[in-house]
Amino acid sequence: MGAHCGGLRGNLMEGDGVSSPCRPGSKEEHRVPTELAVMTLNLQYFSSYPKDLAAAKDRLAQVLHGPGAPDVICVQEGLSSRNVLDEVGFELCVCSAKEGVAESVHDMVYGDAPTLKACDPTTHSHLLCNQIYMRRGAVWKIIDRGAMQISRDLQLAGGGGRLTGKLAIRSMVWVRLQHSDCPDLSVFVLCAHITGGRFEDQYFVQQLAEERKLQLDKIISFFDNRPDAKGDDVGILVGDFNATSLYTPDGPMHGYYKASIASSDGVKSDAKGAGVTSEAGLEDLFKAHMISPFTAISQHGWTFAYDRQQVGYTSGFGHCIDHMAMNRSLQVSSTEVSYLTNQRFGGLPQDTHLPLTDHNAVKTVFVIKNHEQTQTSVFRTEYDFLQHLRRYKALVHISGFGCKQQYADPEQVVRDVAAQLFEGENSMDRVFGKGQWAACYGGDPLKEEEPDVAVLVDRLRTRYSMHLIAIQADKVEKEWGGVGKHVDAVYYYPTEYLEDGTTVAWGGFVKERVVGTTRILLEVNPLSGVPLYWVAAGGGEITRDELQAAWQRRISILLIEARARHPQDPALPFGPCRQFWDSLTDFEEDKIRGFRRLKS
């Protein structure tokens, strides 16, 4: 990977080839940014809430008090009749039940007897609602608030053990906030609980994928058509989407489908009525149903603040289903999980001695500031990053010498790489089309006086209009100001650390395990489904190891020989990749000139 300053297999040391940034000499002076801490909290209509109210209050105080206390709490599945946050310092600002868009617990769970038996019978007739609370003493001020129904009045056909009746009401509550340090913008915090879950998912064949998508469309349309709108206004959508953002053949949503949905007699009946005859076709419909909210958010240009990489699971069933999305890419200072439930499957150790609900709470701290004019798209989740990659027909990773070894003749390297990517009948441009493929690299800072892989990709981007994506640890954004402006897009993945908990694992291999940027390149990029290519323009031992790992994964690879300005090993002025390249015998030629791929 050509990197900022890199590592070796087993111990990431300063050298060539992995993304340990060569930091800027000094940081620009700037005032402390305005921050907004938002928490999402699903209370499960108090079905799991302890009977020991004093102990429950103490647990809430542990989570909600202190210097990192949230400014705003977005509650899903609260009860209009019960307020446990008031006594720990939070004031109720808006409640969907009080605004007339809520139904009883009984109706929201479709009269399911086991579910009702598990909660206090006196609450069955109480209204289940979305709510927003504000911390007393918070510097943010509420200037407007409200609620709206986001669901349609659909009729669900029963059968197979399912009820016949109207789709349960879904709502969105919102507040509009302002801060004296940024008076030229408002922040809209939008709290919702999208249709779905174990009761409604069994009706997924009956237009529910479209319904879930339309609910997101309605929420975002509300923000887009807000009164007194200003260009720098911020929208933060918070809530329970009843789904993970990624649906993979071996992922948690597939497991949920097989265990709880596919065998339903009602689902089978709906599939027959819809003419769906294959198991694969039926699961494809379920996949569309589950990811439809994320599809809607992506289509509107919103992105997510975190995913499972940052928070792990948020439900008691091992899924990350509680999300936060933004209308523009705000910097996320931190994301923190508060464990309020234990996992129900897998025999895992307890996360908490006192469960309060069947969800974990997630608190995210956003940096709020005026919209910067930048051409760089920023992604912080696998879903958003993969959606971006899927805009292209192919992806080329370019690695090489980092800031320690550098290139002896950078212009020659640019010409040699350009010949393969842009020139000739079998170049990337000719096969996939100009502007139809993208390049990625490890996000090294651009320093023309130290010609390394960053200089190489920048010159290729400038001269050939190559779309350039950086892949970098989020520590670089949070502490060092982010990647340079020479990139078109950047994916900030959660920073990984070695066993000591303090040394950053920028990339490479640790005890045969891929870490950091290398992990994204080899394990996440392939999930995009687009053809992958790997170019090593010189490079050190990490570049060689990555080239070998790409080869073993049947990614098409290419070596461009390049001389190092400051060779790590004087006996290998071109780096160690040539020996591996020359050892390849069992390969097939790719349609792109010069690339080799392991025979299947």
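The structure presented is a predicted model; accordingly, all values stated were derived computationally and were not measured.

Cut-offs and rules
- Residues numbered from 1 in each chain as written.
- Predicted model: local features only at pLDDT ≥ 70, side-chain atom pairs only at ≥ 80, totals over all residues.
- Heavy atoms only, no water.
- Helix = DSSP H or I, 4+ residues; strand = E, 2+ residues; numbered from the N terminus.
- Buried < 20%, exposed > 50% of the residue type's maximum accessible area, 1.4 Å probe, protein only.
- Pairing = 2+ DSSP bridges.
- Contact = heavy atoms within 4.5 Å.
- Axes fitted to C-alpha atoms, helices over the stretch in contact; angles between N-to-C directions.
- Parallel < 35°, antiparallel > 145°, perpendicular 65-115°, else oblique.
- Left-handed = near helix turned anticlockwise from the far one by under 90°.
- Nonpolar A, V, L, I, M, F, W, Y, C, P; charged D, E, K, R; others polar.
- Phe/Tyr/Trp six-rings, centres within 6.5 Å; stacked < 30°, edge-to-face > 60°.
- Lys NZ or Arg CZ within 6 Å of the ring centre and 35° of its normal.
- Core = buried A, V, L, I, M, F, W, Y, C linked by side-chain atoms within 4.5 Å.
- Expected span 1.5 Å × (residues − 1).

### Some points on the environment of Ala505
(1) Moving on: When you line up the elements, Ala505 lands in the loop between strand 20 (489-493) and strand 21 (509-510).
(2) Moving on: Overall, the relative accessible area of 2% leaves Ala505 in the buried class.

### Notes on the sheet that holds strand 11 (residues 234-240)
(1) Moving on: On the basis of which strands lie adjacent, the open sheet formed by 6 strands has the order 6-9-10-11-13-12 and mixed pairing. At either margin of the open sheet sits one strand with a lone partner, and together these are strand 6 (141-149) and strand 12 (303-304).
(2) Moving on: In this sheet, strand 9 (residues 171-178) lies alongside strand 6 in antiparallel orientation, the contact comprising 8 bridges. Bridge pairing in strand 9 links Arg145 to Val175.
(3) Moving on: Set on the sheet, helix 4 (residues 208-224) makes contact with strand 6, strand 9, strand 10 (187-193) and strand 11; between it and strand 10 the angle comes to about 165°.

### Description of the side chain of Ser427
(1) Moving on: Topologically, Ser427 is positioned in the loop between helix 10 (410-421) and helix 11 (428-432).
(2) Moving on: Apart from the residues lying within four places of it in its own chain, the contact partners of Ser427 are Gln420, Leu421, Phe422, Ile592 and Arg593.

### Structural notes on the side chain of Thr357
(1) Moving on: Note that Thr357 resides in the loop between strand 14 (332-338) and strand 15 (361-368).
(2) Moving on: Setting aside residues no more than four positions away along its own chain, Thr357 makes contact with Asn42, Leu43, Gln44, Ser48, Leu340 and Thr341.

### What about the pairing of strand 17 (residues 394-400)?
(1) Moving on: Of all 7 residues that make up strand 17, 7 are buried, and the element is covered over most of its length.
(2) Moving on: Burial along strand 17 is two-sided: the residues Ala394, Val396, Ile398 and Gly400 and Leu395, His397 and Ser399 are all buried.
(3) Moving on: Summarising the sheet, strand 17 and strand 18 (residues 437-441) pair through 4 bridges and their orientation is parallel. Bridge assignment links His397 to a residue of strand 18, and that residue is Cys440.

### Some words on the packing of helix 10 against helix 12 (residues 453-464)
(1) Moving on: Packing of helix 10 against helix 12 brings their axes to within 10 Å, and their N-to-C directions diverge by 55°. When the interaxial angle is binned, helix 10 and helix 12 end up oblique. The handedness of the crossing between helix 10 and helix 12 comes out as right-handed. Between helix 10 and helix 12, the residues in contact are Pro410, Glu411, Val413, Val414, Val417 and Ala418 and Leu456, Arg459, Leu460, Arg463 and Tyr464, respectively.
(2) Moving on: Residues belonging to the contact of helix 10 with helix 12 are distributed by class as follows: 8 nonpolar, no polar and 3 charged.

### Section: the packing of aromatic side chains
(1) Moving on: Under the defined criterion, the tally for this structure stands at 24 aromatic pairs.
(2) Moving on: With centroids separated by 6.4 Å and ring planes inclined at 35°, the aromatic side chains of Tyr110 and Tyr203 adopt a geometry described as tilted. Taken as a pair, Tyr110 in the loop between helix 2 (105-108) and helix 3 (113-117) and Tyr203 in the loop between strand 10 and helix 4 lie far apart in primary sequence, 93 residues in all.
(3) Moving on: What makes Tyr110 buried here is its relative accessible area of 13%.
(4) Moving on: On the basis of an interplanar angle of 50° and a centroid distance of 6.1 Å, the ring pair of Tyr256 and Phe286 is categorised as tilted. Residue Tyr256 is found in helix 5 (residues 252-261), and its partner Phe286 is found in helix 7 (residues 279-299); the two are separated by 30 residues along the sequence.
(5) Moving on: Through a chain of ring-to-ring contacts, three or more aromatic side chains come together here, namely Trp174, Phe188, Phe222, Phe223 and Trp302.
(6) Moving on: Taking the ring centre of Phe223 as reference, the NZ or CZ of Arg226 above it sits at 4.1 Å.
(7) Moving on: When the ring centre of Phe587 is taken as origin, the NZ or CZ atom of Arg596, which lies over that ring, is 4.4 Å away.

### Quick notes on the nonpolar core
(1) Moving on: Formed by 113 residues in total, the largest nonpolar core has its most connected members in Leu190, Leu237, Ile398, Trp437 and Leu456.
(2) Moving on: Those residues in contact with Ile398, other than ones at most four positions away along the chain, are Leu421, Ala439, Cys440, Tyr441, Val453, Leu456, Val457, Leu460, Met466 and Val535.

### Observations concerning unusual backbone geometry
(1) Moving on: Although it is not a glycine, Gln207 sits at a positive phi angle of roughly 70°.
(2) Moving on: Relative to the helices and strands, Gln207 is located in the loop between strand 10 and helix 4.
(3) Moving on: Look at Ser465: it is not a glycine, yet its phi comes out positive at around 55°.
(4) Moving on: Within the secondary structure, Ser465 is located in the loop between helix 12 and strand 19 (467-473).

### Focus: helix 1 (residues 53-64)
(1) Moving on: Over its 12 residues, helix 1 extends 16 Å from the first C-alpha to the last, a length consistent with the 16 Å expected when each residue adds 1.5 Å.
(2) Moving on: Burial in helix 1 covers these residues: Ala56, Arg59, Leu60, Ala61, Val63 and Leu64.
(3) Moving on: Where helix 1 ends, the next residue or the one after it, Gly66, has phi of about 105°, a positive value.

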